[in-house]
Amino acid sequence: MKRQHIVAGNWKMNKTFEEGRNLAQAIADGLNESDTIAILGTPYIHLSSVSTAVQQKLNLKLAAQNCHQAKSGAFTGEISVDMLSSVGVEYVILGHSERREFFGENEELLAQKVDTALGNDLKPIYCCGEVLAIREAGNHLSHVANQIKGGLFHLSPAEFASVVIAYEPVWAIGTGVTASPEQAQEMHAFIRQLISDKYGEEVSQATSILYGGSVKPANAKELFSQTDVDGGLVGGASLKADDFLAIIDSF
Ligand code: PGA
């Protein structure tokens, strides 16, 4: 079966209001209509303004980089899923390694965020991945399995069908070091098997699994040609319209 190809940009904490609007418009202008969904994962402050550009292309969507686990209430400085949906956000990146490392997010909290997102029809882009020491110790497969089981495997099959997974080896994020296509394929096939064991072959074969970690125009084609790699989660290269568009065109 044909899985949904997705290339999601994660702008992280970059771009002023004006720069963000210009970048989103340049991507909307240059994006070819295709079966690949392109997603802009912008800081909260940009979401509302770039939604105008996003609406110009059917295959262009909007993601937040985080959400709060509660529906609303006294949580000063936080953003709810209702607020995100109200400005046209359809996806939310959850469990990025930077959230795990710098904000102490663990599977227990992420499972709550996943539930809150799904309860508001937001599709989670659930991130997983190991640091170098864990890979060198040979524990990367079990580490990623625990992240996926702990954050996602309480979901029903119907709920799980809305989830996108992003495998991002932490040692490849922002470092210029990319996992080899074989390393990416090995982990993606492992994750797909894990999903199959839990939810069955049909759900597993329909799940989009993205690779993230120094994806560039120069390496995207080879990564995306792997059997179980269905796209990318792109940080640095998503901040330049030409690079991001070239990655989207790599399928
Ligand atoms: P990078 O970031 O492409 O700059 O390595 C990827 C990510 O953190 O999602």
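To be clear, the structure that these remarks concern was listed above.
Quick caveat, the model's predicted, so the values are computed rather than measured.

## Some words on empty space enclosed by the protein
Piece 1. Summed over all chains, the structure comprises 1 cavity of 30 Å³ or more.
Piece 2. The calculated volume of the largest cavity comes to roughly 30 Å³.
Piece 3. Forming the boundary of the largest cavity are Gly95, Ser97, Arg100, Cys127, Cys128, Gly129, Glu168 and Val170.
Piece 4. Those elements that place two or more of their residues in the lining of the largest cavity are helix H4 (97-102) and strand E5 (123-128).
Piece 5. Residues that form the lining of the largest cavity fall into these classes: 3 nonpolar, 3 polar and 2 charged.

## Overview of the site of the ligand
Piece 1. Taken together, 13 residues are adjacent to the ligand, and Lys12, His96, Glu168, Gly174 and Ser214 come closest.
Piece 2. A distance of 2.6 Å separates an oxygen atom of the ligand from a polar atom in the side chain of Glu168.
Piece 3. Ser214 places a polar main-chain atom, nitrogen or oxygen, 2.8 Å from an oxygen atom of the ligand.
Piece 4. Its free accessible area being 280 Å², the ligand has 96% of it covered by the protein chains.

## Observations concerning the packing of helix H11 (residues 217-224) against helix H12 (residues 241-248)
Piece 1. Taken N-terminus to C-terminus, the directions of H11 and H12 make an angle of 20°; their axes are 8 Å apart at the nearest point. When the axis of H11 is compared with that of H12, the two are roughly parallel. As H11 packs across H12, the resulting crossing turns out to be right-handed. Contact with H11, carried on its side by Pro217, Ala220 and Phe224, involves Asp243, Ala246 and Ile247 of H12 and no other residues of that element.

## Some points on the nonpolar core
Piece 1. Of all hydrophobic cores here, the largest spans 64 residues; its most connected members are Leu40, Ile148, Leu152, Phe160, Ile165, Ile191 and Tyr211.
Piece 2. Sorting elements by how many residues they give to this core places helix H9 (residues 181-199) first, with 6 residues.
Piece 3. Ignoring anything within four residues of it in the chain, the contact list for Leu152 reads Val114, Tyr126, Phe160, Val163, Ile165 and Tyr199.
Piece 4. Counting 13 residues, the second largest nonpolar core, distinct from the first, contains Ile93, Cys127, Val164 and Ala166.

How each quantity is defined
Residues numbered from 1 in each chain as written. Predicted model: local features only at pLDDT ≥ 70, side-chain atom pairs only at ≥ 80, totals over all residues. Heavy atoms only, no water. 1 Å grid on protein atoms, 1.4 Å probe; cavity = no way out; pocket = protein on both sides within 12 Å on 5 of 7 lines; lining within 4 Å. Points joined across faces, edges and corners; volume = space filled by probe spheres on them. Helix = DSSP H or I, 4+ residues; strand = E, 2+ residues; numbered from the N terminus. Nonpolar A, V, L, I, M, F, W, Y, C, P; charged D, E, K, R; others polar. Near = heavy atom within 4 Å. Polar contact = N/O pair within 3.5 Å; in protein donor to acceptor, adjacent residues only side chain to side chain. Areas by Shrake-Rupley, 256 points an atom, 1.4 Å probe, with all protein chains shown as cover. Axes fitted to C-alpha atoms, helices over the stretch in contact; angles between N-to-C directions. Parallel < 35°, antiparallel > 145°, perpendicular 65-115°, else oblique. Left-handed = near helix turned anticlockwise from the far one by under 90°. Contact = heavy atoms within 4.5 Å. Core = buried A, V, L, I, M, F, W, Y, C linked by side-chain atoms within 4.5 Å. Buried < 20%, exposed > 50% of the residue type's maximum accessible area, 1.4 Å probe, protein only.

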